[in-house]
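Below are the chains, spelled out letter by letter.
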Amino acid sequence: MTNREPKLQSQALINEAMKIYRGESYVEPPKNIIDSGSCHTLSRQQSVQGVIALVHALNLTGGSGGDVDLYKLNYGYLTNPEVRAQINSILRQYGI
């Protein structure tokens, strides 16, 4: 098995799980690799689906509640360079 094969297998499993969970709301992931120069091309629904996968992986009660909103955080961070710069600045300020 090459280094890429485990990643492809895990992506396929995650996408199958999202198809089961989201049903008709499932959206296909991007065909091309997404990097910092192209993450602004992700749709809101692709971002939402990514948060749902994270919520499941971490066994969180949800992606938003109380003072936590991973949906807005993820979408803003990935699609808005100014938001990303401000969040990165805050993280550096706190040594994260």
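Now for a look at the structure at hand. Since we're looking at a predicted model, the values are computed, not measured.

## Section: helix α1 (residues 4-22)
Now for step 1: Taking 1.5 Å of rise per residue, the 19 residues of α1 would be expected to cover 27 Å, and the 27 Å separating its terminal C-alpha atoms lies within 8% of that figure.
Now for step 2: For α1, the complete set of buried residues consists of Asn15, Met18 and Arg22. The buried residues of α1 all sit within an arc of 60° when viewed along its axis, so they share a single face. In α1, the exposed residues that point more than 90 degrees away from the buried face are Leu13 and Ile20.

## Side note on the packing of α1 against helix α2 (residues 44-58)
Now for step 1: Contact geometry of α1 with α2 gives a least axis separation of 11 Å together with a crossing angle of 100°. The angle between the axes of α1 and α2 places the two elements in the roughly perpendicular class. Contacts between α1 and α2 pair Ile14, Met18, Tyr21 and Arg22 from the former with Gln45, Val48, Gln49, Ile52, Ala53 and His56 from the latter.
Now for step 2: Among the residues making up the contact of α1 with α2, the classes are represented as 6 nonpolar, 3 polar and 1 charged.

## Considering the layout of surface pockets
Picture a little ball the size of a water molecule; that probe, rolled over the atoms, points out where space is still empty.
Now for step 1: The computed volume of the largest pocket comes to approximately 810 Å³.
Now for step 2: Lining the largest pocket we find 31 residues, and of these Gln11, Asn15, Pro29, Pro30 and Leu42 sit closest to its centre.
Now for step 3: Contributions of two or more residues to the lining of the largest pocket are made by α1, α2 and α3 (70-79).
Now for step 4: With 8 residues, α1 is the single largest residue contributor to the lining of the largest pocket.
Now for step 5: Across the lining of the largest pocket, the residue classes tally to 15 nonpolar, 10 polar and 6 charged.

Conventions used here
Residues numbered from 1 in each chain as written. Predicted model: local features only at pLDDT ≥ 70, side-chain atom pairs only at ≥ 80, totals over all residues. Heavy atoms only, no water. Helix = DSSP H or I, 4+ residues; strand = E, 2+ residues; numbered from the N terminus. Expected span 1.5 Å × (residues − 1). Buried < 20%, exposed > 50% of the residue type's maximum accessible area, 1.4 Å probe, protein only. Arc of directions from axis to C-beta. Axes fitted to C-alpha atoms, helices over the stretch in contact; angles between N-to-C directions. Parallel < 35°, antiparallel > 145°, perpendicular 65-115°, else oblique. Contact = heavy atoms within 4.5 Å. Nonpolar A, V, L, I, M, F, W, Y, C, P; charged D, E, K, R; others polar. 1 Å grid on protein atoms, 1.4 Å probe; cavity = no way out; pocket = protein on both sides within 12 Å on 5 of 7 lines; lining within 4 Å. Points joined across faces, edges and corners; volume = space filled by probe spheres on them.

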